[in-house]
Amino acid sequence: MKAPVRVAVTGAAGQICYSLLFRVANGEMFGKDQPVILQLLEITPALKVLEAVAMELNDCAFPLLHGIVPTDSPEVAFKDADYALLVGAKPRGPGMERSDLLKDNGKIFSALGKIVDKVASKNIKIVVVGNPANTNAYILSKNAPSINPRNITALTRLDHNRGLHQLAAKVGGKVSDIKKMLIWGNHSTTQVPDITYATINGKAAPTVVNDDAWTRDAFIPTVAKRGAAVIAARGASSAASAANAVVDHMRDWVLGTAEGDWTSMAVSSDGSYGIEKGLVYSYPVICKNGDWTIIPNLPVNDFIKAKMKESEKELQEERDTCKDLL
Ligand code: NAX
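Residues numbered from 1 in each chain as written. Predicted model: local features only at pLDDT ≥ 70, side-chain atom pairs only at ≥ 80, totals over all residues. Heavy atoms only, no water.

Colleague: Before we go on, may I ask you to explain the overall build of the protein chain in this structure?
Modeller: When helices and strands are tallied, the protein chain shows 11 helices and 14 strands. Relative to its length of 326 residues, the protein chain is compact, with a C-alpha radius of gyration of 19 Å against a globular reference of 20 Å. For the protein chain, the spread of C-alpha atoms along the principal axes amounts to about 55 × 45 × 40 Å. Taking all 326 residues of the protein chain together, 53% fall into the buried category. By sequence separation, contacts in the protein chain at least 24 residues apart represent 73% of the contacts at least 6 residues apart. Surface exposure of the protein chain reaches about 14100 Å², of which carbon and sulfur atoms provide 53%. Positive and negative side-chain charges in the protein chain, numbering 37 and 35 respectively, have mean positions lying 2 Å apart. (Helix = DSSP H or I, 4+ residues; strand = E, 2+ residues; numbered from the N terminus. Rg over C-alpha atoms; globule rule 2.2 N^0.38 Å. Buried < 20%, exposed > 50% of the residue type's maximum accessible area, 1.4 Å probe, protein only. Contact = heavy atoms within 4.5 Å. Areas by Shrake-Rupley, 256 points an atom, 1.4 Å probe, with all protein chains shown as cover. Lys, Arg positive; Asp, Glu negative; His and termini not counted. Charge placed at Lys NZ, Arg CZ, Asp CG, Glu CD.)

Colleague: I'm lost on the site of the ligand in this one. Help?
Modeller: Near the ligand there are 21 residues, and of these Q15, I16, E42, V129 and N131 occur at the shortest range. Between the ligand and the protein, one listed contact pairs a nitrogen atom with a backbone N or O atom of G11 at 3.3 Å. One of the backbone N or O atoms of Q15 is found 2.9 Å from an oxygen atom in the ligand. Counting the residues that make up the shell around the ligand, at least three belong to each of domain 1 (5-154) and domain 2 (157-320). (Near = heavy atom within 4 Å. Polar contact = N/O pair within 3.5 Å; in protein donor to acceptor, adjacent residues only side chain to side chain. Domains from an automatic or database assignment.)

Colleague: Just to check I follow, could you spell out the packing of helix α4 (residues 98-119) against helix α11 (residues 302-321) for this structure?
Modeller: The description of two helices packed together rests on the angle between their axes and the distance between the axes. Running from amino to carboxyl end, α4 crosses α11 at an angle of 60 degrees, the nearest separation of the two axes being 9 Å. Here α4 lies oblique to α11, going by the angle between them. Considering the relative orientation of α4 and α11, their crossing is right-handed. Between α4 and α11, the contacting residues are R98, S99, L102 and K103 on the first element and E314, E318 and T321 on the second. Residue composition of the contact of α4 with α11, grouped by class: one nonpolar, two polar and four charged. (Axes fitted to C-alpha atoms, helices over the stretch in contact; angles between N-to-C directions. Parallel < 35°, antiparallel > 145°, perpendicular 65-115°, else oblique. Left-handed = near helix turned anticlockwise from the far one by under 90°. Nonpolar A, V, L, I, M, F, W, Y, C, P; charged D, E, K, R; others polar.)

Colleague: Is there a simple way to think about the sheet that holds strand β10 (residues 199-200) in this case?
Modeller: One key point about sheets: their strands pair by backbone hydrogen bonds, in either a parallel or an antiparallel sense. Ordered in space as β7-β10-β11, the three strands form an open sheet in which the pairing is antiparallel. Of all strands in the sheet, those with a lone pairing partner are β7 (178-179) and β11 (203-204), marking the two edges. Pairing of β7 with β10 involves two bridges; the strand directions are antiparallel. Paired with I178 across the two strands is I200, which belongs to β10. (Pairing = 2+ DSSP bridges.)

Colleague: Honestly, the environment of P63 in this entry has me stumped. Any pointers?
Modeller: Its location among the elements puts P63 in the loop between α2 (47-59) and β3 (65-71). In this structure P63 comes out as exposed when scored by relative accessible area, which is 67%. Placed 131 residues apart in sequence, P63 and D194 show a C-alpha to C-alpha distance of 40 Å.

Colleague: Looking at this structure, I do not really get helix α6 (residues 157-171). What am I missing?
Modeller: An α-helix turns once every 3.6 residues. As a result, residues three or four positions apart point the same way. Here α6 spans 21 Å end to end across 15 residues, near enough to the 21 Å set by a 1.5 Å rise per residue. The element α6 is largely enclosed, with a buried count of 11 among its 15 residues. For α6, the set of buried residues is R157, L158, D159, H160, N161, R162, G163, L164, Q166, L167 and A168. With its phi angle positive at about 65 degrees, G172 sits one or two positions after the end of α6. (Expected span 1.5 Å × (residues − 1).)

Pasting the structure below:
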């Protein structure tokens, strides 16, 4: 049996974590031979609910779950953590401007960054889920200078998975027939879902779809605004599908992407595709041996390029709003 890995999870008593934690404890994220210790962080008023989550986790009797540490102390939650799933964030309240949300959540992530820098494993792999996810990851990275920025990512896998479903539904196929879906940019409505390189049973998706107007006017906005559509239908934001995407993101990063496919991850830009270096931007990546590589030199058409720039601009604006936290 392998030694257990320590997984810090924030917002652990919230909606997403109520799906996520059980799947991590069941071996779906790190493999069926990898025990885990869950180090669960919540704010103090949510500790009672967190205790109940811990009780339920224990009552599942997962063989791979070697320990649970529920706490309201970030120092305890991140101590020696090998992985971090950063879900906890403040939701946007009534009358709150996007810039207020940015600043409030930015404060959470700058504080967490300093603590990660101090107490976590130097090889920690982090995925940020709490919104605005890309900019929160950027802020955390700037406040954790001893952690390689390559190890601090943000979640766009839910958008990627939403794209797979929309494309499969359009052609009456299965999601498993599709490879090389792609989300560029920010996890926001400026994201750029792109099927240019996708294949369906090995055939070029744009040729199979044969409907550029659908791709431009239906596919892109439907995927980009799917979060709002779920809120409108459910009265709460996506939870189980977000948890599933976190599992997919981390599993692929740690255990590798499938042969012949890639995935979408928001990672620290190396300047690829003309995007400002250091911004946390969603790219197509392959993962191998616990590391990711951006797919280089894809030919990008002018329509997509313009949209990629818009998303970059939004990320630059978000970053500038939070300058005092960097
Ligand atoms: P919930 O409000 O159900 O849960 C959030 C939890 O975080 C709460 O229990 C709260 O007490 C806790 N929390 C707040 N501040 C904290 C702090 N400083 N330290 C530790 N815990 C803290 O929200 P949920 O539905 O679970 O969503 C969580 C976040 O995910 C939100 O920011 C949401 O916007 C974001 N999402 C991101 C997605 C993505 O694809 N990147 C998709 C789904 C989701 O919208």
